[in-house]
Structure formats: C-alpha cells, structure tokens
Amino acid sequence: MDVHIELERARSENQLLVRLLALADETDVGALLGEALPIIVEATGATIGYLEIHDLASDSDGPDWYIAHGVPTSDVESLRKIVSRGIIARAMATERTVDTPAALLDPRFSERTSVQVGRIEAVLCVPVG
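It should be emphasised that the depicted structure is a prediction, and the values quoted were computed from it without experimental measurement. Throughout, a residue's number is its position along its own chain's written sequence, starting from 1. Owing to the predicted nature of the model, reporting of local features is limited to residues with pLDDT of at least 70; listing and counting of side-chain atom pairs is limited to 80 or more, with chain, interface and lining totals taken over all residues. Working from all heavy atoms in the structure, the side-chain values ignore hydrogens and water.

Visitor: What exactly am I supposed to notice about the overall build of the protein chain here?
Guide: Counting from the N terminus, the helices are the DSSP runs of H or I reaching at least four residues and the strands are the DSSP runs of E reaching at least two. Along the backbone of the protein chain there are 5 helices and 4 strands. Mapped from its N terminus to its C terminus, the protein chain presents α and β elements in the order α-α-β-β-α-α-β-α-β. Here the term buried applies to any residue with accessible area under 20% of the maximum for its type, exposed to any over 50%, and partly exposed to those in between, with areas from a 1.4 Å probe on protein chains only. Looking at the protein chain residue by residue over its 129 residues, the buried ones come to 24%. Throughout, a residue-residue contact means that at least one pair of heavy atoms, one from each residue, lies within 4.5 Å. Residue pairs in contact within the protein chain that sit at least 24 positions apart in sequence constitute 36% of those at least 6 positions apart. Here the protein chain displays about 9,200 Å² of accessible surface, and carbon together with sulfur accounts for 55% of that area. We score Asp and Glu as negative and Lys and Arg as positive, and we do not count His or the chain ends. Throughout, a charge is located at the NZ atom of Lys, the CZ atom of Arg, the CG atom of Asp or the CD atom of Glu. A distance of 7 Å separates the average location of the 11 positive side-chain charges in the protein chain from that of its 21 negative side-chain charges. What sets the accessible areas is the Shrake-Rupley method with a 1.4 Å probe; for residues, cover comes only from the shown protein chains.

What follows is the structure, given as structure tokens:
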C-alpha cells in the first residue's frame, strides 16, 4: 500500500483519538456522546450516525437513550423506525461487532424488511458493555 496513504490514515486516526480524549473530563453521558458522535461520523466518512443505549436492566422495549447525527431533528424519529432492529439484535446477542459495507448485499441482513425499506448500506454496530 502507498506509504502516503498509510501516513494520512495514521494522522487521521491520531486526530480522532486526540479529539475523543479531549472529551474525557465530560461527566454527562449524553453530552459526551453528543460530542463524540460527530467526531466519529467525520472520522469514518459516514453521512449519518446513530447511537442508542439500552439498559439491560430496564423493562423498556426501545432504547433508553439515543442520538443521531447528519439528519434534521425532525427526521430522527423516522430514522429510528428504519434502523434495523435485526442488526442491533445480532450485535447484542453475539456480543460482537457487526461490520458490513452493504447490509443490502449481506446475506445475514439482506432479507430484512428494515434493511430493504431503509436501503441500508454500510453498517458498523458495536455492542458496548
């Protein structure tokens, strides 16, 4: 691989870590994630970012907290409806990251209605906790 491309990638990853470490003193989880999500979206080259938190001890059917980046506030509820619960469920059940360049073409998810309706392409779904 081209040395210049590798060097630029290393610089970009370093800048991401520096920016995220700058948030280390934030004590409000909502504020922390609200500041971190745009940084992560920018660093990954994504157009939209969505993050939700589930408290496994909660009786709630949906997320206990969520945030989106790259969509108007008025569209966040629509985004939440098309987010694939199957992809999230798989990540949570297996406790493994789901990383696919195109959910529409991935045999694990391509038959899911939410993937088809939402025309979901690249997905990075990371279970944390």
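Visitor: Please clarify how the packing of aromatic side chains should be interpreted in this entry.
Guide: The geometry of an aromatic ring pair is captured by two quantities: the separation of the ring centres and the angle between the planes. Ring pairs are drawn from Phe, Tyr and Trp, using the six-membered ring of Trp, whenever the two centres fall within 6.5 Å, and their geometry is named by plane angle: stacked under 30 degrees, edge-to-face over 60, tilted for the rest. This structure, assessed with the given rule, holds 1 aromatic pair. With a centroid separation of 6.5 Å and an interplanar angle of 35°, the aromatic rings of Tyr-50 and Tyr-66 are classed as tilted. Of the two residues, Tyr-50 is situated in strand 1 (residues 49-53) and Tyr-66 in strand 2 (residues 65-69); the sequence distance between them amounts to 16 residues. Sitting over a ring, as applied to charges here, requires NZ of Lys or CZ of Arg to be within 6 Å of the ring centre and within 35 degrees of the ring normal. Its guanidinium or amino end placed over the ring of Tyr-66, Arg-80 lies 4.0 Å from that ring's centre, counting from NZ or CZ.

Visitor: What should I look at first to understand the packing of helix 1 (residues 3-21) against helix 2 (residues 29-44) in this one?
Guide: Packed helix pairs are characterised by how far apart their axes lie and by the angle those axes make with each other. Only the stretch in contact is used when fitting a helix axis, every axis being a line fitted to C-alpha atoms; angles between N-to-C directions are given from 0 to 180 degrees. Two numbers describe how helix 1 lies on helix 2: the axes approach to 10 Å, and their chain directions differ by 180°. The angle between helix 1 and helix 2 places the two elements in the roughly antiparallel class. On the side of helix 1, the interface is formed by Leu-16, Arg-19 and Leu-20, while helix 2 contributes Ala-36, Ile-39, Ile-40, Glu-42 and Ala-43. Any residue that is not Ala, Val, Leu, Ile, Met, Phe, Trp, Tyr, Cys, Pro, Asp, Glu, Lys or Arg is counted as polar, Gly included; the first ten are nonpolar and the last four charged. Broken down by class, the residue content of the contact of helix 1 with helix 2 amounts to 6 nonpolar, no polar and 2 charged. Angles are sorted into four bins: roughly parallel if under 35 degrees, roughly antiparallel if over 145, roughly perpendicular if 65 to 115, and oblique for all others.

Visitor: I keep staring at the nonpolar core and nothing clicks. Help me out?
Guide: Burial of nonpolar side chains together is a common tendency in soluble globular proteins. Here, nonpolar core refers to any group of buried Ala, Val, Leu, Ile, Met, Phe, Trp, Tyr and Cys residues whose side-chain atoms link them within 4.5 Å. One finds Ile-87, Val-98, Ala-103, Phe-109, Val-115, Val-123 and Cys-125 to be the most contacted residues of the largest nonpolar core, which totals 14 residues. Broken down by secondary-structure element, the contributors of at least two residues to this core are helix 3 (76-82), helix 4 (85-94) and strand 4 (123-125). Of all the elements, helix 4 adds the most residues to this core, at 3 residues. Setting aside anything within four residues of it in sequence, one finds Ala-103 in contact with Ile-87, Phe-109, Ser-110, Val-115, Ile-120, Glu-121 and Val-123.

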